[in-house]
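These are the residues of each chain, in order.
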Amino acid sequence: MSAPKSLLKYDDSVVVNANTTEKSQKIRSASSQQPQKEKSGPIKESNQQILNTIFPPRQWLEGDKLWMQQVSSAASTKEDVIQLAELLDKKLQRRRAKRRGICPIRREIYAQCFDELIRQETVNCPERGLLLACVRDELQMNVAAHKILYEDSLAFGTRETLIAEQGKADLEKRISDLEEKNDELKKQLAEQLSKYEATEIKAIEIQQLEERRHSEDVHALERSIQQLKDQMTQIGTIMD
């Protein structure tokens, strides 16, 4: 397995053997320390040591051999900068990076380009390179913080959505239960109305029957009275 290609310029890879192990350990020890700015006086470290501090050497295993690459300390020319711009465009096209919006691929490639520019400035002016590295690290921390905020807000939104969905399910179940209860009450109301109508019809029939009976009784009494009147008239005529 070889080291991944990057816009950041590296020296040729070397095998880390017994003679270079101690040197590699020193490089790794130096790379683990954060770069610091001195208040006064020249920077004592060499350009390569400063570069190793800003860009720790990368190592990888290939078979049973441990390979290492350090960032190049070679100075860059105007042609190198032009070539870097061309490589940037080609790499963006080859990896199909998005031109707009959030794109991790585009951000990664531009980060490599920025690292190469820091390397070039560090070779020319170590102090400016260290300052640019501080700016880079600050930008990366800001991006990481925004990423954490985004992930937290996304998780919060997901939780709120799940809670809302659960609440929606509960409301839908309650609505369904109320609709079933409403249908049952409507059914009971229809039954009671049907019974009421049947009772009312029966009451009307009974009332009509009673009225007919009463009318018949009245007619019967009227006939009886008339008969009595007729009999009294006959009796009176006989007596005269």
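Heads up: the structure comes first, above all this text.
Rules behind the numbers
- Residues numbered from 1 in each chain as written.
- Predicted model: local features only at pLDDT ≥ 70, side-chain atom pairs only at ≥ 80, totals over all residues.
- Heavy atoms only, no water.
- Helix = DSSP H or I, 4+ residues; strand = E, 2+ residues; numbered from the N terminus.
- Buried < 20%, exposed > 50% of the residue type's maximum accessible area, 1.4 Å probe, protein only.
- Contact = heavy atoms within 4.5 Å.
- Areas by Shrake-Rupley, 256 points an atom, 1.4 Å probe, with all protein chains shown as cover.
- Patch = residues over 30% accessible without salt bridge, like charges linked within 9 Å, V, L, I, M, F, W, Y side chains within 5 Å.
- Salt bridge = Lys/Arg side-chain N within 4 Å of Asp/Glu carboxyl O.
- Lys, Arg positive; Asp, Glu negative; His and termini not counted.
- Charge placed at Lys NZ, Arg CZ, Asp CG, Glu CD.
- Axes fitted to C-alpha atoms, helices over the stretch in contact; angles between N-to-C directions.
- Parallel < 35°, antiparallel > 145°, perpendicular 65-115°, else oblique.
- Nonpolar A, V, L, I, M, F, W, Y, C, P; charged D, E, K, R; others polar.
- Pairing = 2+ DSSP bridges.
- Phe/Tyr/Trp six-rings, centres within 6.5 Å; stacked < 30°, edge-to-face > 60°.
- Lys NZ or Arg CZ within 6 Å of the ring centre and 35° of its normal.

Draft legend 1. Seen up close, the overall build of the chain. Across its full length, the chain holds 5 helices and 3 strands. Starting at the N terminus and walking to the C terminus, you meet the elements of the chain as β-α-α-β-β-α-α-α. Per-residue burial over the chain gives 18% buried out of 240 residues. Look at the contacts in the chain between residues 6 or more apart in sequence, and 66% of them connect residues 24 or more apart. As displayed, the chain has an accessible area near 19000 Å², and 56% of this comes from carbon and sulfur atoms.

Draft legend 2. How the structure looks around a negative patch on the surface. Among the surface-exposed residues, Glu179, Glu180, Asp183, Glu184 and Glu191 lie close enough to one another that they form a single negatively charged patch. Within the secondary structure, Glu184 sits in helix H5 (residues 126-239).

Draft legend 3. Molecular detail of helix H2 (residues 47-54). Among the 8 residues of H2, 6 are classified as buried, and the element is accordingly described as predominantly covered. All buried positions along H2 are accounted for by Gln48, Ile50, Leu51, Asn52, Thr53 and Ile54.

Draft legend 4. Geometry of the pattern of salt bridges. Taken as a whole and assessed by the stated rule, the structure comprises 7 salt bridges. Ionic pairing is found between Asp115 and Arg136, a salt bridge with its closest N-O pair at 3.2 Å. Pair noted here: Asp115 is in helix H4 (residues 104-124) and Arg136 is in helix H5, with a separation of 21 residues, a long-range link. In terms of burial, Asp115 and Arg136 fall into one category: buried. In this structure, Lys173 and Asp177 form a salt bridge, with 3.3 Å as the shortest nitrogen-oxygen distance. Of the two residues, Lys173 and Asp177 are both situated in helix H5; the distance of 4 residues between them amounts to about one turn of the helix. With a relative accessible area of 53%, Lys173 lands in the exposed category. For Asp177, a relative accessible area of 37% corresponds to the partly exposed category. It is possible to trace a salt-bridge network through shared partners that takes in Asp115, Arg136 and Asp137.

Draft legend 5. Focus on the packing of H4 against H5. Viewed as axis vectors pointing N to C, H4 and H5 meet at an angle of 160 degrees, and their least axial separation amounts to 6 Å. Taken together, the axis directions place H4 and H5 in an arrangement best described as roughly antiparallel. Taken together, the residues of H5 that come into contact with H4 (itself represented by Arg107, Phe114, Asp115, Ile118, Glu121, Thr122 and Asn124) are Pro126, Arg128, Gly129, Leu132, Ala133, Arg136 and Val143. Residue composition of the contact of H4 with H5, by class: 6 nonpolar, 3 polar and 5 charged.

Draft legend 6. Spatial organisation of unusual backbone geometry. A positive phi angle, close to 55 degrees, is found at Arg96, a residue other than glycine. Among the secondary structure elements, Arg96 is positioned in the loop between helix H3 (78-94) and H4. With relative accessibility at 75%, the residue Arg96 sits in the exposed group.

Draft legend 7. Looking closely at the sheet that holds strand E2 (residues 58-62). What the 3 strands build is an open sheet, ordered E1-E3-E2; its pairing is antiparallel. Of all strands in the sheet, those bounded by a partner on one side alone are strand E1 (14-15) and E2. Alignment of E1 against strand E3 (residues 65-69), held across 2 bridges, turns out to be antiparallel. Note that in E3 the partner of Val14 across the bridge is Met68.

Draft legend 8. How the structure looks around the packing of aromatic side chains. Across all of its chains, the model carries 0 aromatic pairs by this definition. Sitting over the face of the ring of Tyr10, Arg58 holds its NZ or CZ atom 3.8 Å from the ring centroid.

By themselves, these figures tell us nothing about what the structure is for.
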